Amino acid sequence: MVIGLDVGSTTIKCVVLDEDNRIVFSQYDRHLSQIASQSARLLEHIRTNVLHGQSAKLMISGSAGMGMADRCSLPFIQEVYATRIAARKLTPQADVIIELGGEDAKILFLSHGMEVRMNGSCAGGTGAFIDQMASLLQISADDMDAEAARAEKVYTVASRCGVFAKSDIQPLLNQGARKSDIAASIFQAVVNQTIAGLAQGRAIKGNIVYLGGPLTFMSQLRSAFDETLHTTGICPANSLFYVALGAAFCATSTIDIAEAVDHLRKHKIEDSVVSMAPLFEDEVAYRAFTERHERARVPTGTITENTSCIYLGIDAGSTTVKTVAIDDNGAIVDTTYQSNSGNPVPIVRSVLERIYREHPDICIRGSAVTGYGEDIIRSAFGIDEGLVETVAHFTAAKHFMGEVEFVIDIGGQDIKCFQIHNGAVDNIYLNEACSSGCGSFLQTFAQALGYPVETFAKLGLFARHPVDLGSRCTVFMNSSVKQAQKEGSPMEDISAGLSISVVKNALYKVIRATSPENLGRHIVVQGGTFHNDAVLRAFEQELDTEVVRPTIAGLMGAYGAALHAKKHSKGESQIINAKALAEFEHTVKVATCRLCTNTCRLTINTFSNGKRYLSGNRCERPVTNRVANDELNIFAWKLAQLDALGCYIHDQVPEDAIGIPLGLNMYELVYFWKAFFETLGKKIVVSPLSNRKLYLSGQATIPSDTACFPAKLMHGHIQALIDAGVKTIFYPCMTYNMDEHLGDNHFNCPIVAYYPKVIGANMEQVASVDFIDCHVGLHRRGDFPKKMAKNLEPYLGKLDAKLVLKASDAAYTAHANYLQRMREAGKRIIDTARIEGKQIIILAGRPYHVDPEVGHGIDKLLGAFNVAVLSEDAISHLVEKFPVHVLNQWTYHSRLYAAAKAIADQDDMQLVQLVSFGCGVDAITSDETRDILEAAGKMYTQIKIDEITNLGAVRIRFRSLLSAIEQQEKPHAHH
Amino acid sequence: MHIIEPVFTREMRETHTILAPSMAKIQFRILVEVLKDEGYTVKLLENEGPQVVRKGLKYVHNDTCYPALLVIGQMLDALDSGIYDLERTALAITQTGGGCRASNYIHLLRKALDKAGYSNIPIVSLNLKGMHRNSGFRITYKMLRKGIAALVCGDTLMLLKNQVSPYEVHHGKTQELVDSWVRQLSEQYRRGSGYTQREMAKDLRRMVAEFSAIETDYNRPVVKVGIVGEIYMKYAPLGNNHLEDFLASQSCEVMVPGLLGFLLYGLQNQLEDIDLYGGSRIRYAIMGYLKRHMIRLETLMIDAVARSGRFTPPVAFHRTIESAKEVISLGCKMGEGWLLTAEMRDLAEMGYRNIICVQPFGCLPNHIVGKGMIRRLKELDDDVNIVPIDYDPGATRVNQENRIKLMLAVANENRILDRQDDR
């Protein structure tokens, strides 16, 4: 007999085969990280009940099996390899195998050159991801499949990482989107991730076989794959056991099973987990600590007949809804704290119902709402005031510590922190790209390890040797925790380690603080996560300082809102009254907006008061039915210029037209190349502005999924040109950019410089056209014509030198003209804004941020706040080269520094930096830009963008920035 | 150019110990000895441990490339250790000066030092481009010649070591010989000899002969693996989680292309730049001369190794250039650029068909020349077995080793198939 044992990241699968390779025993179990003891138990069971004393061959496989097999000196085979062995035997007709597991995703190409693709250090698109999403929807994974079957529409959900997906899904939930649609969207995201992340340019075609838990159990996930791949894959018998079967097929050595069981039981714990200092030395230290924090409290009271006037504050957060009511004296008279369940409306409704029921004579004098659900709650219940979270938290924090300099709020999924300068919110740090420093992270782990979160956190208080789990993405942390478990760390140490990780992530990933002096001496910590004493202690330890944690740490947003409501009270609140509440109705409808070509998918909430709340819209048009005012928006100007070029493809493309993909640096250089080629007598056509569909059309050919989004879009642009019938594509490599004399050199970043090579090597489609990817140096105008003529000769034949010279002159002139016109447009915007007394925001990034799919219409969003919007290149020419603290060698980045410098002494200008996820260069530029601004006493605001289209976080930043500017202006007014 | 303060002054040569990150172990050990001869006190940092990464994360932007994070973390850890007199310690860091982020390491290090309270520690920039010329650290002609000799001999030692140690009968013999050669070479350079072409040729021949004499067993089932990648990750055990040791434990013979190739690549890029975009003919002539000189040294090395008839010599640079042209273009010169791609092609042709491409998190050139070119490499050569491995502060060793094991499983299968073909 042969035993194949597959120890995966979350489950153990085992098969026993007889001499004819028939399965005589099989088992599938979750191992809850008890891999050695579980394996021992399983083997013991097999030894007594299946083998009956016979000897057997054994082979271990699986990602978690490796270390175990190593240490117990048992034979091991890599799991993908085992899958392939099994597939060759059991499904020889298969061309491609798609296998999704707990934390792994794999594609095996079997025919035409065997190839294996596994997910890297990212767990996006795996079973763990689906589980995480299911728990977000508060349904089981099975229910999710059933829900998905009823879906009517699919939303765009980023799947690279659970964090991104969450930030896409949470707003959908908050906005009342249907669970079934979201479930289907999640499956589609998994499909996209698998194809984009793993296929990497290789077409998935032929006979497709689905393996692994998620694909075995979820028929809708299979259909999503089928649909996307235009095929019908099969899920064979024993699809869960392929790795185990493959291992069994490879087993060669006969093992004494009793001895193996013995080894596994003794499985020694290696001491490679690094531990840190304990949180508390003893009970005495803990007691002193709790007593100190108990002191930060607000008086409380009850609603009585004498004091029945209240001010209501609501914090409709991403995972929870909190309400606080205060009386005329500021005493807290009522609080609630409830999990959000995806829709804050019924929760707030029930709170109001209860208040009205318990206190029929209540008089609500003011009401305010803050948080993700601000808009919907305001529309639904007629709340008087809405305020941005940061302001709400600051208002509350000030109440506990008048001189507060720094507020950090760690909630379920967000970290919000900000500094206070001159009585205003400044330097906001939010965690758009990462949720690993948040409460839900702890909760997820507590649940996964089988504890309620409160109990779990307490475990860590007196841990002797907290494990060091690092401070990165949740996904990575998952495997660190697993490793610690595997190595036998007690739960106490893991719990403490996780609490410390939360703090470290918040400090070093989100805030990037190095010492308490950076944050200020007066720190207020809040948010539900800080109720956790282990987290609080770790925070104090890490910063080596004492902070204030109010006893109502979890309610601070709502408390701040209540204080705000009180301050702005006009005597009586407009809030829905008891009678109207009794008849309250809320309906949700889904529609597609037809007002422009974006065709946003709208979720329309209608309430009984006749108010509507829209979500999913990228602009204000479906709300106001007005076209946004683009006069003070240079992005709109740039788009109009691109349109006016007349190079977009409308009908038949002429045979000899040259196609240029409108991506990365081309948004700016297209003027140059158009003039150049037109002087040579060639017609230029360009690919359309990006959209989701265009991205998906090129997605399968992306070789490195961690490259920046603008680069990945390039595949779609090339595809669009080919689809339009373009026969020649011009996309040159450019090590150097134009020299604008703002830096020490004038490089492009490696991606902009050489992406044409990636296109050429990974899109087999380009073989069907002339793909011109020569190296071009625009920085040497004198040499350019000769070099360019040589570059083009293979494609266009020998060119007349004089003509090329003329073309070159025309090109440089066109480029200069474009820059000049753009700068003039910028000047006009500044002048108009100043006449109208509007703030001017520099949305600083790169030329490609003009693309609506890259910039996500952030410029429009800003415009809606009644400010003027400029880009960095419209003002970077206003300063001379100046010293910076980094190597200033990239043309586009030099513009960033220059733009920051240019606005340093301009009171009515602010800079907001757009940073693409995966842009390595921006790790350098963002710090430097911040330093330049802060040296001038300005605020630095950064927005990290990726494929995600969630603008909620962006809105928070803008609103905080604008309200901070407002507050800063006020003191001036008094002078 | 912004001046990085405080400057390493001439006087500090006498008083300060310069701490430098280690990378390619053998080569760097000899190079340090060369610097010592010139009156500098240099120490290679070999401190490791989780606190290195922790300090890097604390003081360097977390999205910065992993090598920067590691090197800076390692330096801060060394300064924190209390071993060094902080009034008399300087740090050295290399600066390549290309379009890659790595050129910014020195600035990132300065920022980190200032933040961590070490603003008095001077930094020495090691570069061949004349950046930060005001420093008291000078690369002299003699130093350069010795340094290049150290690279050539160091590369050869690494190559021989890798080809002998998996087969050595008496464990540790190869390493002993490497150590003995490091001592011999350092001693020669100190005496002012050993770096002319004639002397080098003699040394290299003797080196090859001595390695050939180590008792070996070639019947062991060994998988041949090539390593390419971002330069720090490729060589530094701190970066790649002791990749070479792991591969040794899995019975692999490793081929890591040497540092000389990187130097030649740098020179070639200067030529290429002028070819592609125009530029000074004089500069072109000088670079051409330097390149030819280095090629002569490379030839010495290749000849010595080839003569043994037993060891695989490194691929000649002109051949590497051809490999690059097959797959990518010589204009792609940021970071490891086309060299990385060409090395994968070379390795496959040398018989190291299982290739690990080590990629640090956030490495931009790698998107292009590493992962970006694998498809084309496979088009040219169906059976080449390339696996890109990502390294970052959070990636666990288990994950990395698992992926490498997959590559080895396929490699073993291919090896067995090859054997059957041979019969």
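Residues numbered from 1 in each chain as written. Chains lettered and ligands numbered in written order. Predicted model: local features only at pLDDT ≥ 70, side-chain atom pairs only at ≥ 80, totals over all residues. Heavy atoms only, no water.

**Looking at the packing of aromatic side chains**
Residue and element names in this part refer to chain A.
No. 1: Going through the model one piece at a time under the given rule, you end up with 35 aromatic pairs over all chains.
No. 2: Residues tyrosine 28 and phenylalanine 217 carry aromatic rings whose centres are separated by 6.1 Å and whose planes lie at 75° to one another, so their mutual orientation is edge-to-face. Of this pair, tyrosine 28 sits in strand 3 (residues 23–30) while phenylalanine 217 sits in helix 8 (residues 213–217); the two residues are 189 residues apart in sequence, bridging distant segments of the chain.
No. 3: The exposure class of tyrosine 28 is partly exposed, given its relative accessible area of 31%.
No. 4: One aromatic cluster in this structure is built from Phe672, Trp673, Phe676, Phe677, Phe730, Phe784 and Tyr812.
No. 5: Lysine 638 extends its terminal NZ or CZ atom over the ring of phenylalanine 635, reaching a point 5.7 Å from the ring centre. (Phe/Tyr/Trp six-rings, centres within 6.5 Å; stacked < 30°, edge-to-face > 60°. Helix = DSSP H or I, 4+ residues; strand = E, 2+ residues; numbered from the N terminus. Buried < 20%, exposed > 50% of the residue type's maximum accessible area, 1.4 Å probe, protein only. Lys NZ or Arg CZ within 6 Å of the ring centre and 35° of its normal.)

**Topic: the packing of helix 4 (residues 66–80) of chain B against helix 5 (residues 105–115) of chain B**
All names here are of chain B.
No. 1: The contact between helix 4 and helix 5 brings their axes to 10 Å, and the two run at 40°. In terms of orientation, helix 4 lies oblique with respect to helix 5. Here the hand of the crossing between helix 4 and helix 5 comes out right-handed. Contacts from Pro67, Ala68, Ile72, Met75, Leu76 and Leu79 of helix 4 reach helix 5 at Tyr105, Leu108, Leu109, Ala112 and Leu113.
No. 2: Split into classes, the residues belonging to the contact of helix 4 with helix 5 amount to 11 nonpolar, no polar and no charged. (Axes fitted to C-alpha atoms, helices over the stretch in contact; angles between N-to-C directions. Parallel < 35°, antiparallel > 145°, perpendicular 65-115°, else oblique. Left-handed = near helix turned anticlockwise from the far one by under 90°. Contact = heavy atoms within 4.5 Å. Nonpolar A, V, L, I, M, F, W, Y, C, P; charged D, E, K, R; others polar.)

**What to know about the sheet that holds strand 8 (residues 385–391) of chain B**
Residue and element names in this part refer to chain B.
No. 1: Taking strand neighbours across the sheet as the criterion, the 4 strands line up as 6-5-7-8 in an open arrangement whose pairing is parallel. The outermost strands of the open sheet, each flanked by one partner alone, are strand 6 (252–255) and strand 8. Taking each pair of neighbouring strands and ignoring which way they run, the sheet shows an average axis angle of 30°.
No. 2: Across 5 bridges, the pairing between strand 5 (residues 223–229) and strand 7 (residues 354–360) is parallel. From the neighbouring strand, glycine 229 faces strand 7, where its bridge partner is valine 358. (Pairing = 2+ DSSP bridges.)

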